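One-letter residues, chain by chain:
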Amino acid sequence: MPTLAEKIFEDHCIEGEVSPGNFIKAKLDLVMGEDVTIPLALNKFAELGFTKVFDEEKVVFVLDHLLPTNSVESAEKHNKIREFAKKYNIKHLYDQHNMGIEHALLPEQGHIYPGQLVIGADSHTCTYGALGAFATGIGSTDMAVGMGTGELWFKVPESIKFNYEGKLPRWVSGKDLILYTIGDIGADGATYKAMEFSGEVIKNLTMADRFTMSNMAIEAGAKAGLIEYDEKTEEYLKDKIDFDYRVYQSDEDADFEDIINYDVSSMEPQIAFPYSPENTRAIGDIDEDISIDEAVIGSCTNGRLEDLRRAAEVLKGNKVKESVRLIIIPATRKIYNQAMEEGLFKIFMEAGAGISMPTCGPCFGGHTGVLGPGEVAITSTNRNFKGRLGSPESKVFLANPSVVAASAVAGRIIHPEEVV
Amino acid sequence: MKLEGKALKVGKNIDTDQIIPAQYLNITDSKKLGKHCLEGYKKDFPKLLDNETILFAEENFGCGSSREHAPFSVKGAGVQAVIAKSFARIFFRNAINLGLPVIEAPKAVDEADRGDVITVNIEEGVIYNKTKDSRVEFSPYPDMIREILMADGVTGYFKER
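Residues numbered from 1 in each chain as written. Chains lettered and ligands numbered in written order. Predicted model: local features only at pLDDT ≥ 70, side-chain atom pairs only at ≥ 80, totals over all residues. Heavy atoms only, no water.

S.K.: Tell me about the overall build of chain B, and name the residues and values.
M.R.: Across its full length, chain B carries 7 helices and 7 strands. Order of helices (α) and strands (β) in chain B, N terminus to C terminus: β-α-α-β-α-β-α-β-α-β-β-β-α-α. Computed over its C-alpha atoms, the radius of gyration of chain B comes to 15 Å, within 12% of the 15 Å expected for a compact globule of 161 residues. Overall, the C-alpha framework of chain B stretches about 40 × 40 × 25 Å when taken along its three principal axes. In chain B, which comprises 161 residues, the share counted as buried stands at 65%. The long-range share in chain B, meaning contacts at least 24 apart out of those at least 6 apart in sequence, stands at 65%. Accessible surface, chain B: about 6300 Å² in total, of which carbon and sulfur atoms supply 47%. In chain B, 23 positive and 24 negative side-chain charges are present, and the distance between their average locations comes to 4 Å. (Helix = DSSP H or I, 4+ residues; strand = E, 2+ residues; numbered from the N terminus. Rg over C-alpha atoms; globule rule 2.2 N^0.38 Å. Buried < 20%, exposed > 50% of the residue type's maximum accessible area, 1.4 Å probe, protein only. Contact = heavy atoms within 4.5 Å. Areas by Shrake-Rupley, 256 points an atom, 1.4 Å probe, with all protein chains shown as cover. Lys, Arg positive; Asp, Glu negative; His and termini not counted. Charge placed at Lys NZ, Arg CZ, Asp CG, Glu CD.)

What follows is the structure, given as structure tokens:
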């Protein structure tokens, strides 16, 4: 019997037969790109001879990686993207006045709904699976084809179900669940597969934590990270989507390739050691002192309001160690405003943190916190590859926002309960 | 499609940041990107790559970002084909779309040493290590993927239609 992923493909298939492993052609509901990947896509769009986009409402451009611009070249790229958007009447260009990090921004702005088939020229496009959409990262050529035709070929993936049961301990979040999972199955543990996150613990997670989990499905190699629609999804969407959408669920006896069960009751915050998100350890198992130079709270993984609240909870009344640079990056303009109105900025500033405008910034080593040789950072981001935040001789540890904030105070990686 | 070159090997989980570090993402020319291919893996690695290279890798080659700059740089460096134990999904797809042959063949990876002379026959699905006199077969590509590869990528494929 079909899984959630297969049902969404079935609904969009225009050529071929939907069955895991088969190649099909499918109709797209949304094509997204960002400022690093769009320029190559525009070259391809021209090479392919397209003269218009398939649907001006269904193509979304986001300037987020290199906003604010970090070089003359990136300024030129942005202008090229703006010109294209104007010429081809692209309805949704997110620039500085309506900015945000794509994967926090698109759901917030009502571009994402259950049952949708989305491609994005950015690997973390899988984030939208948290709303029950099949969303997957592709490259610039696929983006160009998608923009021009509204169709793309896919290999229908097998699905793996992950059940999380038990009671989630304090200081343990969606970030820890997904880091633990990647540590368990490996950085290629779900390659080509659709992950489906399920169970009592997922039902009780906030939407923010669900986005975090789906966001990092790609770090296990997955094509999508899906979460079934429920009342929390409905609540999240009610002021964002004003049309009817179709909701799918995996059948009771759906043909999952594997079902993996976790009991989370005794889980601790997880830390991913360099140079892969699969190198995870429970924080209590770390038996060395790891001093840090920089701490980053932000990104499409953990830059949402709930993440900033968690950081503020730890930072309130505390001071960031003088030798540490704590950089906080609210993921969208809306989140930035909310954080400001709630008084979180006052807590951050009094603690000695720096607050940046929304941007991907340091997360991909672009700007706003690039690391030098020998430097060590702890971040709430998604990748700790060699050189990811700058110098190949730097090191990045991944953690949840509470742990990052606590470590910024201590100057070394510690459990939040040591600070709060 | 027949390829011939010399083997060069890299390890496991070679991510797209190692293939093409972020500082080069403003470049959109394949040859210029090629000059920095795998620079994040080892600083001097790009100098080892030329149009006689057949690159061998362990598991999960190309994991991470969707940046097409990664396979574009591999192609721009002249690399004939990448043969790996496995590929990350987005890299695999991007490579095919650009007409860069990517082949999963674990046995061929284990057998190859740096400098071995390698031939690849894409249609027949055969990798032949001349130096070791060893032949490894791989599953032929599905029709659509083979057609895209033969057309040197999606651009050629669309034009042919």
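S.K.: Describe the sheet that holds strand β4 (residues 102–104) of chain B, naming the residues involved and giving the relevant values.
M.R.: Residue and element names in this part refer to chain B. The 7 strands are arranged β4-β3-β2-β1-β5-β6-β7 in an open sheet whose pairing can be described as mixed. Looking at the sheet topology across the chains shown, the edges are occupied by β4 and β7 (134–137). If you compare each strand with its neighbour and ignore which way they point, the axes differ by 30° on average. Of the pairings in the sheet, the one linking strand β1 (residues 2–10) to strand β5 (residues 117–121) comprises 5 bridges and is antiparallel in character. (Pairing = 2+ DSSP bridges. Axes fitted to C-alpha atoms, helices over the stretch in contact; angles between N-to-C directions.)

S.K.: Kindly report on the packing of helix α3 (residues 69–76) of chain B against helix α4 (residues 89–97) of chain B, identifying the contributing residues and their values.
M.R.: All names here are of chain B. Two elements in contact, α3 and α4, have axes separated by 8 Å at closest approach and are oriented at 50°. Classified by the angle their axes make, α3 and α4 are oblique. Viewed along their axes, α3 and α4 form a crossing whose handedness is right-handed. Residue-level contacts link Ala70, Pro71 and Val74 of α3 to Phe91, Asn94 and Ala95 of α4. (Parallel < 35°, antiparallel > 145°, perpendicular 65-115°, else oblique. Left-handed = near helix turned anticlockwise from the far one by under 90°.)

S.K.: Let's hear about α4(B): which residues, and what values?
M.R.: All names here are of chain B. Across the 9 residues of α4, 9 count as buried, placing the element largely inside the fold. All buried positions along α4 are accounted for by Arg89, Ile90, Phe91, Phe92, Arg93, Asn94, Ala95, Ile96 and Asn97. Directly beyond the C-terminal end of α4, a positive phi value near 80° is found at Gly99.

S.K.: Got a sec to walk through empty space enclosed by the protein? Specific residues and values, please.
M.R.: By rolling a water-sized probe across the atoms, one finds the places where empty space is left. Within the structure shown, the criterion is met by 4 cavities of 30 Å³ or more. Volume-wise, the largest cavity comes out at about 190 Å³. In terms of lining residues, the largest cavity is bounded by 22 residues, among which Glu34(A), His65(A), Asp122(A), Phe364(A) and Arg388(A) are the most central. Among the elements of the structure, α4 (102–108) and α10 (299–302) of chain A are those that each provide at least two residues to the lining of the largest cavity. Classifying every residue of the lining of the largest cavity by side-chain character gives 7 nonpolar, 9 polar and 6 charged. Size it by volume and the second largest cavity reaches roughly 80 Å³. Forming the boundary of the second largest cavity are Ala187(A), Ile218(A), Gly221(A), Asn60(B), Gly62(B), Cys63(B), Gly64(B), Ser65(B), Ala88(B), Arg89(B), Ile90(B) and Phe91(B). (1 Å grid on protein atoms, 1.4 Å probe; cavity = no way out; pocket = protein on both sides within 12 Å on 5 of 7 lines; lining within 4 Å. Points joined across faces, edges and corners; volume = space filled by probe spheres on them. Nonpolar A, V, L, I, M, F, W, Y, C, P; charged D, E, K, R; others polar.)

S.K.: Quick one: what's the story with the packing of aromatic side chains, residue by residue and with numbers?
M.R.: Given two aromatic rings, one states the distance between the centres and the angle between the planes to describe the pair. Per the counting criterion, the structure on display carries 28 aromatic pairs over all chains. Both rings, one in Tyr180(A) and one in Tyr262(A), keep their centres 5.5 Å apart while their planes meet at 90°; by these two values the pair is edge-to-face. With Tyr180(A) in helix α6 (residues 174–185) and Tyr262(A) in strand β12 (residues 258–263), this pair connects stretches of sequence that are 82 residues apart. Of the aromatic side chains, those joined through ring pairs into one cluster are Phe45(A), Phe50(A), Phe61(A), Phe84(A), Tyr88(A), Tyr157(B) and Phe158(B). We note Lys155(A) situated over the ring of Tyr192(A); from NZ or CZ to the ring centre the distance is 4.9 Å. Sitting above the plane of the Trp153(A) ring, Arg93(B) keeps its charged end 4.0 Å from the centroid. (Phe/Tyr/Trp six-rings, centres within 6.5 Å; stacked < 30°, edge-to-face > 60°. Lys NZ or Arg CZ within 6 Å of the ring centre and 35° of its normal.)

Any functional reading would require information beyond the geometric quantities listed.
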